[in-house]
Amino acid sequence: MIQWDKQKLESKLAYCIGQIDNGVEQFGDSFFPLDVSVSGRYDCYYNRSWIPGFWSGLLLLAYEVTMDKKYLDVARRHLDSYEIRIKNLSDVCHHDIGFCYSPSCVALYKLTGDERAKKTALAAADAECLRYKENGKYIKAWGAMDDPKENRIIIDCLLNLPLLFWAAKESGQEKYYEIALNHLHKSVDLLIRPDATTYHTYVIDFNEGVPVMPKTAQGYADDSIWARGQAWAVYGLALAYGYTRDESLVEKQIAVTNKFIDLLPPDQVPAWDMVFTDNNTLKDTSASAIAVCGMLEMNRLLQQHKNRAVWEQKICDMMSALSEGHLVGNRPGTSAILAHGTGSVPHGQGINASQIWGDYYYMEALVRLYKPDWVQYW
Ligand code: GLY
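The rules behind the values
- Residues numbered from 1 in each chain as written.
- Predicted model: local features only at pLDDT ≥ 70, side-chain atom pairs only at ≥ 80, totals over all residues.
- Heavy atoms only, no water.
- Salt bridge = Lys/Arg side-chain N within 4 Å of Asp/Glu carboxyl O.
- Helix = DSSP H or I, 4+ residues; strand = E, 2+ residues; numbered from the N terminus.
- Buried < 20%, exposed > 50% of the residue type's maximum accessible area, 1.4 Å probe, protein only.
- Contact = heavy atoms within 4.5 Å.
- Phe/Tyr/Trp six-rings, centres within 6.5 Å; stacked < 30°, edge-to-face > 60°.
- Lys NZ or Arg CZ within 6 Å of the ring centre and 35° of its normal.

K.L.:
Give me the pattern of salt bridges: which residues, what numbers.
P.N.:
This structure, assessed with the given rule, holds 20 salt bridges. In this structure, the salt-bridge partner of Asp 73 is Lys 69, at a minimum N-O distance of 3.7 Å. Within this pair, Asp 73 and its partner Lys 69 are both found in helix α3 (residues 69-77), separated by four residues, close to a single helical turn. With relative accessibility at 22%, the residue Asp 73 sits in the partly exposed group. With a shortest N-O distance of 2.4 Å, Glu 134 and Lys 137 are connected by a salt bridge. According to the relative accessible area criterion, Lys 137 is partly exposed, its value standing at 36%. Overlapping salt bridges, with partners in common, bring together Glu 297, Arg 300, Glu 364 and Arg 368 in one network.

Written out as structure tokens, the structure is:
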């Protein structure tokens, strides 16, 4: 078991809960945070884009820590918007449906057995399957399914596969498992380089279904190592191993994790792209929190592995670094938790700011440390 300072752990959890309380007041039952923040404050937004699930997930984490039903009640009241969104297939013309529905509806179902949450999450899995292309056997990341110009897979999608693995288990229908497994194999083959660094995306020929070339969207260069992408690989492969018990994933997951660790700057917080290994390049704190969750998940699944002790120390170092220099702080008017995240440098979005996914993964990491028997939401 990881010995991260218990007092620190409790005080950081209390801080998160305080920020979530501010969010509850601001967003009420119907709104969600916008994907960027100004000075630790998110504007109100709707159930759109890829991120609302992280707010619902934070509420559920807060409920699990405090057992205060007020958080659960708000997360329950979010269900209407998830249900309507998936029924109308509104803003789901992308692969990120798992990010929306796992930490919200799947988590609510796992926690409470809510049948409406289960039904909604299964409908979301069906929507994810609509992105699957049989010729090539992959989930198309972005764009209309009949658009030949925008046709690629991306590393982030590893976090959307648990929705399908979960749906297969819950429904008994093989098709979800097959689609997830095929996409997983394609991602491992194309997106993980022989040195265990990762490409962000890989363009696929629309008609032939064959790989064309790697290409970044949010990283520094096509051949660089976008930090959040590397972190998605760390966590995504761990979760995929949990569902499949495919032993070939163990070596891959350990390799991408060790690479993530090797590329950390001395201050233990990754630059937004891991080609930069100095302390002073713009950070992406969310990548750090995601990678910690991945390491904790793999350590939970594999009681014995050769890197375990090193990772345990690294988890403490990374969490201390985030907690000591990269929190927003409990200032009036703020609801964000983690500071110094990076949305997308090439798009000029969310630079050196808080993002709700960073907040979510930081708190998930705390909860994993606080409750080692925590049932994961993915
Ligand atoms: N789409 C997920 C990300 O920006 O990391």
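That shown, we press on.
K.L.:
Provide a residue-level description of the side chain of Glu 297, including the pertinent values.
P.N.:
You can see Glu 297 is positioned in helix α11 (residues 285-301). Its relative accessible area of 1% is what places Glu 297 among the buried residues. Not counting the four nearest positions on each side in its chain, Glu 297 is found in contact with Tyr 235, Ala 238, Leu 239, Arg 368 and Gln 376.

K.L.:
Describe the packing of aromatic side chains, listing the residues and the values that go with them.
P.N.:
What the rule picks out here adds up to 29 aromatic pairs. Their ring planes at 50 degrees and their centres at 5.9 Å tell us that Phe 54 and Phe 99 sit as a pair that is tilted. With Phe 54 in helix α2 (residues 52-66) and Phe 99 in helix α5 (residues 97-112), this residue pair connects regions lying 45 residues apart in the sequence. With a relative accessible area of 1%, Phe 99 lands in the buried category. Following the ring pairs from residue to residue traces out a cluster consisting of Trp 50, Phe 54, Phe 99, Trp 232, Tyr 235, Trp 357, Tyr 360, Tyr 361 and Trp 378. The ring of Phe 206 has Lys 133 sitting right over it, with the charged end atom 3.6 Å from the ring centre.

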